[in-house]
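Observations on the model geometry
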Amino acid sequence: MAKFCGLVCFCIVIAFGFIINGCIAEEKIGIYELKKGNLSIKVTNYGAHIISLFLPDKHGKLDDVLLGYDTIKEYLNDTSSFGATIGRVANRIAGAQFTLNGTLYKLIPNEGKNTLHGGPKGFSKVVWKVKKYQPEGDAPHIIFTYHSFDGEQGFPGDLLVTTAYTLHGENQLSITMKAKALNKPTPVNLVNHAYWNLGGHNSGDILSEEIQIFGSKYTPLNSELIPTGEIASVKGTPYDFLKPYIIGSKIRKLPNGYDINYALDDKKTGRGSSKVLKKAAIVYDKKTGRALHLFTNQPGVQFYTSNTLTQKGKGGYVYKPFAALCLETQGYPDAVHHPNFPSTIVYPGKAYKHYMLIKFSIAS
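Note that the structure is a prediction, hence the values are computed from the model and not measured. (Residues numbered from 1 in each chain as written. Predicted model: local features only at pLDDT ≥ 70, side-chain atom pairs only at ≥ 80, totals over all residues. Heavy atoms only, no water.)

1. So, empty space enclosed by the protein
Sizing a probe to match a water molecule and rolling it over the atoms shows the empty space that remains. Under the definition given, this model contains 4 cavities of 30 Å³ or more. Of the volumes computed, that of the largest cavity is approximately 60 Å³. For the largest cavity, the full set of lining residues is Ile-175, Asn-192, Ala-194, Trp-196, Leu-292, Leu-294, Leu-327, Met-356 and Ile-358. Those elements that place two or more of their residues in the lining of the largest cavity are strand E25 (290–296) and strand E31 (352–362). (1 Å grid on protein atoms, 1.4 Å probe; cavity = no way out; pocket = protein on both sides within 12 Å on 5 of 7 lines; lining within 4 Å. Points joined across faces, edges and corners; volume = space filled by probe spheres on them. Helix = DSSP H or I, 4+ residues; strand = E, 2+ residues; numbered from the N terminus.)

2. Here we look at the sheet that holds strand E29 (residues 326–330)
Hydrogen bonds along the backbone pair up the strands of a sheet, which may run parallel or antiparallel. A sheet is described by the order of its strands in space; here 5 strands give the open sequence E20-E19-E22-E26-E29, paired in antiparallel fashion. Looking at which strands have only one partner, the edges of the open sheet turn out to be strand E20 (232–233) and E29. Where strand E26 (residues 300–304) meets E29, 5 bridges bridge the pair, whose relative direction is antiparallel. Considered in E29, the bridge of Gly-300 is made with Gln-330. (Pairing = 2+ DSSP bridges.)

3. Focus on the confidence of the model for the chain
Segments scoring low in pLDDT should not have their predicted coordinates read at a detailed level. Overall, the predicted model of the chain reaches an average pLDDT of 92, with 91% of residues at or above 70. Below pLDDT 50 for its whole length, residues 1–24 participates in 38 contacts with residues either more than four positions away or in separate chains. (pLDDT = per-residue confidence, 0-100. Contact = heavy atoms within 4.5 Å.)

4. Concerning the UniProt feature "active site" (unreviewed entry) in the chain
In the numbering used here, UniProt assigns the feature "active site" (unreviewed entry) to His-193 and Glu-328. These annotated residues cover 136 residues of sequence, and their C-alpha atoms all fall within 6.1 Å of one another, placing them together at a single site. For His-193, the position within the fold is in strand E17 (residues 191–193). In this structure, His-193 is in contact with Ser-80, Ser-81, Phe-82, Gly-83, Ala-84, Ile-86, His-117, Cys-326 and Glu-328, ignoring residues within four places of it in sequence. Looking at the secondary structure, you find Glu-328 in strand E29. Overall, the relative accessible area of 4% leaves Glu-328 in the buried class. In this structure Glu-328 touches His-117, Val-191, Asn-192, His-193, Gly-300, Val-301, Gln-302 and Tyr-304, once residues within four positions along its chain are discounted. (UniProt positions renumbered as here; feature names shortened; annotations may be inferred. Buried < 20%, exposed > 50% of the residue type's maximum accessible area, 1.4 Å probe, protein only.)

5. Quick notes on the pairing of strand E10 (residues 103–106)
Note that strand E9 (residues 97–100) and E10 share 4 bridges and pair antiparallel. By the bridge assignment, Leu-100 is partnered in E10 with Thr-103. Here E9 hands over to E10 after 2 residues, with Asn-101 in that stretch at a positive phi of 55 degrees.

Written out as structure tokens, the structure reads:
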């Protein structure tokens, strides 16, 4: 069925009264809520998006701290990947092609001559199956699955993918992304593309928020935002957030804001999903007292400050540049062309596992 859908490009399906161009989906699109204590999230099986996260501030006021839309129809037309699960390979692949085991694979370019976020119809633009949904209890969770067929967007091999959102502990969210190559080796780099504003999605920009990133090195880019292959020290550059800094105090030193991959330091400081994780970043909003602590098992994190964003979002509010920040834990971008980067190739029999743990805290 999946291969048939890959060949038929004019099928339609009605879901919640909307027409989706593409293949006939086996499941309708739905919105699902998870709640635990003061923390609640909503997700959808369209693109395995997280679409809202409500969190109290230091006065007990609840706000939605994720940028996004009010309706599913708006997500169908989204170009910003608000809260999406990105794949098969997130970030950029130079020249929309790569060679693996002597075979050249040509992808579909969708950013100039390069491929971005898996191509024009990556995992953020497909309907996932709902494998399990438990909205309440000690660990409310939902698990989405997707079968990516051999040749989808040009990538080799069948790939079985899962994304799970779980609430646990006190004000904690874990996101677990797994993938299993069924018959061919293939590159895999899944990310969650949440846009965070701890002041609230409609509170303005994030330039007054404070960030600390636990990466002493980064991967410099060329003019097309493709890594050069160098892994450079952040020391003496505007990318140095080893100590907490106000984002606005450094962003003016860059022509366009932040959109860069950090090589995370290997110090293990957290635990989640039964795995020892390393700390990636801390974000703090002084006005609301909200803080976000991010842990991961991935080697890198993309820090992006929504530099060119101009989009009408929830409640008709218009999101502008620097309205949010993204912290996308990941493998290094364009790793298929840089042997010195950690490999993103997944072989049959060896699963890909990507863990994120987000701990929220409230300072008085």
